[in-house]
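Here is how the chains run, residue by residue.
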Amino acid sequence: MQTKTTPEELAVLRARDFWGALVLMAVSAFFLWRTFDIPLWGGNRAGVASASWYNSAAIVPLSIFTCLLILSVVLLVIAIKAGGAKRSLSGIGIGWNSAETLRFTTIGIILFFYVAGLVPRVDFVACSGLLITALIFGFYKGHAQRMLLAAFVVALAGIYAMIAHLPQAEWGAHDDDGVTLVLWAVLTVFVMINAKGDRVLRIVPVLAVAAPLILVCAMAFGFRQNVPNRGGIIFSQIEYHYYVTLRPLWRS
Amino acid sequence: MDFVLTQLSGFGGAFYALVADPLTYAYLITSVFLGITFGALPGLTATLAVTILTGFFGNKIPLDYSLIALLGAYVGAIYGGSYPSILLNIPGTAASAATAMDGYPLAKEGRGGEALGLTTTASFIGTLIGTIALLVFVWVLLLLSKNIASPEKALLALFGILLSGTLMSEDLVVKGWIAGLIGLAMAMVGLDPLLSEPRYTFGWSYMLSGFQVVPVLMGAFAVPQIIEGMRHMEIGKMAQVKGRILPNFKSVKRYLPTITRSGVIGTGVGALPGVGEDVAGWVSYGVGKTVSKEGDQFGKGSLEGLLSSETANNACIGGALIPLLVLGIPGSPPAAALMGAFKINNIIPGPTIDPEIILRVVAIMLLASFTMFIMGLFTARVFMKILRIPQVVFLPIVMVLTTIGSFSVGGGINDLYLMLGVGFVAYFMNLLKFPIAPLVIGVILGGLFDETFRRSMLISGGDIFVFASRPVASVLLLLNIALIMSQIPFIKRAFGRLRGKAI
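As the structure is a prediction and not an experimental result, all values here were calculated from the model. (Residues numbered from 1 in each chain as written. Chains lettered and ligands numbered in written order. Predicted model: local features only at pLDDT ≥ 70, side-chain atom pairs only at ≥ 80, totals over all residues.)

**Notes on the overall build of chain A**
Each helix and strand in chain A was counted, giving 10 helices and two strands. Reading chain A from its N end, one meets helices and strands in the order α-β-β-α-α-α-α-α-α-α-α-α. The C-alpha atoms of chain A give 26 Å as radius of gyration, which overshoots the globular expectation for 252 residues (18 Å, by more than 25%). Along the three orthogonal principal directions, the C-alpha set of chain A runs to about 65 × 60 × 40 Å. When the 252 residues of chain A are sorted by exposure, 37% land in the buried category. Intrachain contacts of chain A at a sequence separation of at least 6 include 70% that bridge at least 24 residues. (Helix = DSSP H or I, 4+ residues; strand = E, 2+ residues; numbered from the N terminus. Rg over C-alpha atoms; globule rule 2.2 N^0.38 Å. Buried ≥ 20, exposed ≤ 12 C-beta atoms within 10 Å, placed from the backbone. Contact = placed C-beta atoms within 7 Å.)

**Regarding the interface of chain B and chain A**
Reports often express the size of an interface as the amount of accessible area lost when the parts come together. With 51 residues of chain B at the interface, the matching set in chain A holds 59 residues. Looking at the side of chain B that touches chain A, the elements with two or more residues in it are helix H7 (150-168), helix H8 (173-187), helix H12 (277-291), helix H17 (391-408), helix H18 (413-431) and helix H19 (437-460) of chain B. Per-class residue counts for the side of chain B that touches chain A are 35 nonpolar, five polar and 11 charged. (Nonpolar A, V, L, I, M, F, W, Y, C, P; charged D, E, K, R; others polar.)

**Describing the domain arrangement of chain A**
Per the domain assignment, the segments of chain A are domain 1 (7-87) and domain 2 (98-251). The C-alpha centroid of domain 2 of chain A is placed 40 Å from the C-alpha centroid of domain 1 of chain A. (Domains from an automatic or database assignment.)

**Some thoughts on the packing of helix H5 (residues 124-139) of chain A against H17 of chain B**
Where H5 of chain A contacts H17 of chain B, the two axes come as close as 9 Å, and the packing angle between them is 155 degrees. The orientation of H5 of chain A with respect to H17 of chain B, classified from their angle, is roughly antiparallel. The element H5 of chain A and its partner H17 of chain B pack so that their crossing is right-handed. Of the residues in H17 of chain B, those in contact with Ser128, Leu131, Ile132, Leu135, Ile136 and Phe139 of chain A of H5 of chain A are Val392, Val393, Pro396, Ile397, Met399 and Val400 of chain B. (Axes fitted to C-alpha atoms, helices over the stretch in contact; angles between N-to-C directions. Parallel < 35°, antiparallel > 145°, perpendicular 65-115°, else oblique. Left-handed = near helix turned anticlockwise from the far one by under 90°.)

**Some points on the environment of Pro224 of chain B**
Residue and element names in this part refer to chain B. Positionally, Pro224 belongs in helix H9 (residues 213-229). Along the primary structure Pro224 and Phe424 are separated by 200 residues, whereas in three dimensions their C-alpha atoms are 6.9 Å apart. Not counting residues within four places of it along the chain, the set of residues in contact with Pro224 comprises Gly423, Ala426, Tyr427 and Asn430.

**Section: H17 of chain B**
Here H17 of chain B is 18 residues long and its end C-alpha atoms lie 25 Å apart, about the 26 Å a rise of 1.5 Å per residue gives. Here H17 of chain B lies mainly inside the structure; 16 of its 18 residues are buried. (Expected span 1.5 Å × (residues − 1).)

**Let's talk about the nonpolar core**
In terms of nonpolar packing, the biggest core is built from 242 residues, with Ile110, Leu131 and Val154 of chain A together with Ala49, Leu70, Ile178 and Val440 of chain B touching the most fellow members. Looking at this core, the element that brings in the most residues is helix H6 (residues 97-145) of chain B, giving 18 residues. Both domains that meet at this core, namely domain 1 (7-87) and domain 2 (98-251) of chain A, each give it at least three residues. In this structure, Val154 of chain A is in contact with Ile110, Phe113, Tyr114, Leu130, Leu131 and Ala134 of chain A, ignoring residues within four places of it in sequence. (Core = buried A, V, L, I, M, F, W, Y, C linked by C-beta atoms within 7 Å.)

**Digging into the packing of helix H11 (residues 256-271) of chain B against H12 of chain B**
All names here are of chain B. One way to put it is that H11 packs onto H12 with a least axis distance of 9 Å and a crossing angle of 140 degrees. In terms of orientation, H11 and H12 fall into the oblique class. In terms of crossing hand, the pair formed by H11 and H12 is right-handed. Residues Thr258, Ser262, Ile265, Gly266, Val269 and Gly270 of H11 lie in contact with H12, whose contacting residues are Val279, Ala280, Val283, Ser284, Val287 and Gly288.

**Some thoughts on helix H15 (residues 355-378) of chain B**
Along its 24 residues, H15 of chain B runs 35 Å from first to last C-alpha, staying within 8% of the 34 Å computed at 1.5 Å per residue. Of all 24 residues in H15 of chain B, 17 are buried; the element is thus mostly enclosed.

**Description of the confidence of the model for chain B**
For chain B, the mean per-residue pLDDT works out to 86, and 97% of the residues sit at or above 70. Scored as a complex, the prediction yields pTM 0.87 and ipTM 0.92. (pLDDT = per-residue confidence, 0-100.)

In structure tokens:
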């Protein structure tokens, strides 16, 4: 599946390969070292002799990480031969693009705080609504300031949730739900102020409310599956009224 | 003869059961529609469609319905990729990249309706060819596969990973192999399958059960696409389509040899482990250009060129299901997602699969291709409107879908951490032009490889020659060695010199 690459793109790729190969070598060396923790030559566990070397749990991982190390060296040699090492220390050499870096970093921050900070602790409808609003507003037109603002708002909600309720025992608290809802509302107002005739931005609030609401209800009541943070401020109300108010209507 | 009749009656029974169930239509129409939508939106792929639906439907509804949903989306998405290829010159999926070569020039000439009508017909016929091949070859291979034991299984798994790494690499083959090895390494995490020895768990109890397939699939296929797609893109001017979109049976009859050839090529490429619809489309396009009388017109609006790629990429679906169902080795990246759905339903594709499941898959494929054909002809204008939706609007919703789908499969929040971690790694791998399909295939086949390799060694008392002790194993061993050797530079050069002398 070869595709055409320009000589400049290829040179950038080889400089990146140089770093990639070094990372791969370090990772494979680390895991090779860890593999030696697994008994290879017939260990003895609680007085019982374990398997021979050819049946050891270490034999396949050992081969995999050795091959990975060898192939990383091959990649490194290819990269060096193609001039990747020479270019690898300069920003231009590795094809550094600050706009692209900002785009990736802000998306990375948003996704990290959404998954690691908000989803476990905050109501799913609220945090997903905030995510949808932030991502569409931040990246729709490619403005750097909007990207930064979107990342800042999600990070703020995520950091608050993580700092206030880091241990799992505290994930049921509702103050972080409130903070997320307020931030979502403020961001939505800001989006609407900036929408001025832009059809895409004007439908953001509708999408941000409807999509997570439909998905979470379909998953919880349609497929009867577990959903994140069942005790969240919005979902707990939906669940209560589903079982107490709505369901008796057709059950009776 | 009795065997054939039994199979045909079994297929008839499975087909009737599906047709008679009203819920079949609900799942089929929804999934094919969703599939075409995913395919039509540039940036969303068939693999993503099947992966997301695996998380959403995989283990939440009866297996029959989840297979309808996943196969319907698969068939629909591969076909749907042709819309932006023809109307915008942007391939909706990698599978329809070759379609843009002739589809867009045709649309610019004002023949967009004709191109879409022909594409719909060709995709339908292609899917049927692949499905028929699936029905025929799966039984032949299933009979042969009864003789496959641990050494053959280990070598087959290795061959699948190596071949996928070799053929799916955009840059260096070594990168494909590294991706496959990373996938294999990921499969080593958790309790080992024979001795229950913990490996690389770092004291975290979640890791004892190893990496779950669905979060890895979501991370590898969905997260990088979301990161990559969240950028401002001006949608180009869409070519105007006048009149109704109808199949041109005169052209179909004229190009029937091309359609048949492309269908066979697509099925064959699909049957290769880990090689997807994009390769099928390009190979068929390349062959078409070489053998066709109007080969010089390819790339300038040739109907034959359009049919070559579109028939092949849909025929590839049936082909990709052959190794999946018979050997448990996915034939393409979306088939890897399907394998994930089988796994979470506790069904192990391979020689021991329940034959009724195969018959149901064939029946579903047949129904899905009909649904796709009808939807393609009557609702094409809806999909043209969908093309206008910027992906920046669609992808955040995909992220929410991915999150809730991954969470609900079973592992909870830890699965989400895994998904995000794999997603960031896969994004950087994409950036360095490492293919992702071999990684996923490595994760899926890693457990099988580990178990069968060590079992072979155990049976033989540590004799490595067990891998050459049986005819099929010897052939597979030779194939593996040949595949590796063919990529070593000095051997490549030597073969090049030999070829030069021969000419």
